[in-house]
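Listed below are the residues making up each chain.
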Amino acid sequence: MTAPAEAAAEGALPEFPMRRACPFSPPAAYTELRENEPVSRAQLKVNGKPTWLVTRHDLYKKLLGDARVSANLKLPGYPLQVPVPDEILQSVPLTFLSMDPPDHTVQRRMLAPEFSVRRMRELRARVQELVDEQIDEMLAKGCDSPVDLVTALALPVPSLVICELLGVPYEDHARFEQWAWAIMNHEVSDEDRGMAHYELDRYVDGLVTAKESEPGDDMISRLIAFNRETPAVEHSDIASMSKLMLVTGHETTANMIALGVLALLEHPDQLAAVREDPGLMPGAVEELLRLFSISDAGTARVALEDIELGDVTIRAGDGILPLNNAANHDEQVFPDADRLDVRREARSHVAFGYGVHQCVGQNLARMELDVVYSTLLRRIPTLRLATPADELRFKDDAIVWGLYELPVTW
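- Looking at an unreviewed UniProt entry, one finds the protein chain named Cytochrome P450 and attributed to Streptomyces pratensis.

Rendered as C-alpha cells:
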C-alpha cells in the first residue's frame, strides 16, 4: 500500500469530513468507499494530514475491538477534526473518552453504575416530569406563531436531566451550552475554542471542589465519595469525567431529539406506525440512532502496531477513522439502509461506537429519546413542520450533526 506521506504527496486524497447531501443519508462517497475500498485514505480538512477511513460494518467492529489501536488524542497520528494547537493539546489532561486501558477501565467502572439499566428505570419518572413540563410551556404559548422545537424541548430536556444527574445548577445552562458549541464547532477560532475549554474546565473544577466539602445527592458527589473509600483517581480526573458527561450528556441527545422528530414528520407512514402501536417506539429509537449516526468523531484511533485490516496494512502511527455513519448504512447488515423503517431490527447499529469505548451513557440517551418522542407525539398529535425541511439549517460546521432550529406548529 502507499505510505501515508507518499499518499498525501500525491494530492489525490478526498477531504474529510464529507458533507451530507440529504439529511437522512450519509455522504454519498461513503457508499462508494464501502463497496469498492472499505479501508481507504483521506485527508483531514482541518490540517491536511492523511488518515484511514473504515466504512464497512464488519471491519469497523474488528478495528475497534483490536487492542492495538489507541484513543489517545495526544499521539501524533491522531485524526483530530477541529484545529487545536499542539502546545494546547499536550497541556490539557486526557478525558476518559481519550484514555486507553487500564486508566480508561478504572474510570469506566466508576461511571457505569450511574448509567445502568436499573438506574435508568428509576430515573424515567423524573425525565417524564421534565418532558411534560417543557411541553406544558409549549402548549401554554400556543401556536399563533411557530415554536422552535430545539430551544423549547430538544435542548432543555437533556440539559435539565444531565444537570440533575451531575448536580449542576440549571441556571448555568446557557454558559455550558455555549462552551460546548465552541468546543465542537469546526468554524470557531483557536482562541475562542481554547477560551471555551478554559472557562468550562474552571467551572467544572469549581463544582467538584465545592462538592468535596459539601456533597449532595448527585453523580459528582458519589464519584468523590467512592474515590475516598477506594482511591483510584485524582481530583482532576473527577473534574475531567464531569466535564465530559456535562458536554456529551446534553449535546448529542439534543441533536437526536430534533432530528428524530424531523424524520418522523417527514415520513408520515412511519409516524402513523408508532402512533398506532406505541410498542414500536423503542425499536424506532434504535432505527433513528442508526439512520442519523450523528458523529464520526468519537471513534478516532491511532495504530500502535502494524495492523492488517481487509486487504490493507495500516502502519503503526497512522490515524484511523472508523465511520459510524458508513457502518450503519452497510447494506449487507441493514438492507435498504437509507430508508427509515421503525420496524427494522436495528440493535446491531454502532451509533454509540463499539468495543471498550462504547458510549457509557447510551442507556440514558435511549431512555430520554423514548420518553421525548412518545410524549410529544401523544400530547401534540397534530404537530407539523412550520418550515420546509429543505430550508432548515443543519450543523454541517460541527463534529456532532444536528439542527440549529426546528420550527413547528400544530
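Digging into the overall build of the protein chain
Alright, step 1. If you tally the helices and strands in the protein chain, you get 16 helices and 11 strands.
Alright, step 2. Relative to the compact-globule value of 22 Å for 410 residues, the protein chain shows a C-alpha radius of gyration of 21 Å, a close match.
Alright, step 3. Taking the principal axes of its C-alpha atoms as reference, the protein chain extends roughly 60 × 55 × 40 Å.
Alright, step 4. Each charge class in the protein chain can be summarised by its mean position, and for the 40 positive and 65 negative side chains these summaries are 4 Å apart.

Focus: helix α13 (residues 268-276)
Alright, step 1. Listed as buried for α13 are Gln-270, Leu-271, Ala-273 and Val-274. Buried positions in α13, seen along its axis, are confined to an arc of 160° and lie on one side of it. Pointing more than 90 degrees away from the buried face of α13 are the exposed residues Pro-268, Asp-269 and Glu-276.
Alright, step 2. In this structure, the buried residues of α13 make contact with α12 (235-266), α14 (281-292) and α16 (362-379).

Notes on the packing of aromatic side chains
The geometry of an aromatic ring pair is captured by the separation of the ring centres together with the interplanar angle, meaning the angle of the planes.
Alright, step 1. One pass over the full model with this rule turns up 4 aromatic pairs.
Alright, step 2. Centre to centre, the rings of Phe-24 and Phe-292 are 5.9 Å apart; their planes meet at 55°, and the pair counts as tilted. On the criterion of sequence distance, the pair formed by Phe-24 in the loop between β1 (15-16) and α2 (28-36) and Phe-292 in helix α14 is long-range, its members being 268 residues apart.
Alright, step 3. Ring pairs connect the aromatic residues Phe-24, Phe-292, Phe-394 and Trp-401, which therefore count as one cluster.
Alright, step 4. Over the ring of Trp-401 we find Arg-20, and its NZ or CZ is 4.0 Å from the ring centre.
Alright, step 5. In this structure, Lys-395 is placed above the aromatic ring of Tyr-404, and the distance from its NZ or CZ to the ring centre is 5.6 Å.

So, the sheet that holds strand β10 (residues 384-385)
Alright, step 1. Overall, antiparallel pairing links the 3 strands, which are arranged β5-β11-β10 in an open sheet. The sheet terminates laterally at β5 (147-148) and β10, the two strands that pair on one side only.
Alright, step 2. Note: β5 against strand β11 (residues 407-409), 2 bridges, orientation antiparallel. Paired with Asp-148 across the two strands is Pro-407, which belongs to β11.

Digging into empty space enclosed by the protein
Alright, step 1. Under the criterion given, the structure shown has 1 cavity of 30 Å³ or more.
Alright, step 2. In this structure, the largest cavity spans a volume of roughly 40 Å³.
Alright, step 3. Along the walls of the largest cavity sit Trp-181, Met-184, Asn-185, Glu-251, Lys-395, Ala-398 and Val-400, which together make up its complete lining.
Alright, step 4. When the residues that make up the lining of the largest cavity are grouped by side-chain class, the tally is 4 nonpolar, 1 polar and 2 charged.

Structural notes on the layout of surface pockets
Sizing a probe to match a water molecule and rolling it over the atoms shows the empty space that remains.
Alright, step 1. Considered as a void within the structure, the second largest pocket measures approximately 460 Å³ in volume.
Alright, step 2. Around the second largest pocket, the lining comprises 25 residues; the ones closest to its centre are Pro-17, Met-18, His-186, Asp-396 and Ala-398.
Alright, step 3. For the lining of the second largest pocket, the residue count by class is 12 nonpolar, 5 polar and 8 charged.

Calculation criteria
- Residues numbered from 1 in each chain as written.
- Predicted model: local features only at pLDDT ≥ 70, side-chain atom pairs only at ≥ 80, totals over all residues.
- Heavy atoms only, no water.
- Helix = DSSP H or I, 4+ residues; strand = E, 2+ residues; numbered from the N terminus.
- Rg over C-alpha atoms; globule rule 2.2 N^0.38 Å.
- Lys, Arg positive; Asp, Glu negative; His and termini not counted.
- Charge placed at Lys NZ, Arg CZ, Asp CG, Glu CD.
- Buried < 20%, exposed > 50% of the residue type's maximum accessible area, 1.4 Å probe, protein only.
- Arc of directions from axis to C-beta.
- Contact = heavy atoms within 4.5 Å.
- Phe/Tyr/Trp six-rings, centres within 6.5 Å; stacked < 30°, edge-to-face > 60°.
- Lys NZ or Arg CZ within 6 Å of the ring centre and 35° of its normal.
- Pairing = 2+ DSSP bridges.
- 1 Å grid on protein atoms, 1.4 Å probe; cavity = no way out; pocket = protein on both sides within 12 Å on 5 of 7 lines; lining within 4 Å.
- Points joined across faces, edges and corners; volume = space filled by probe spheres on them.
- Nonpolar A, V, L, I, M, F, W, Y, C, P; charged D, E, K, R; others polar.

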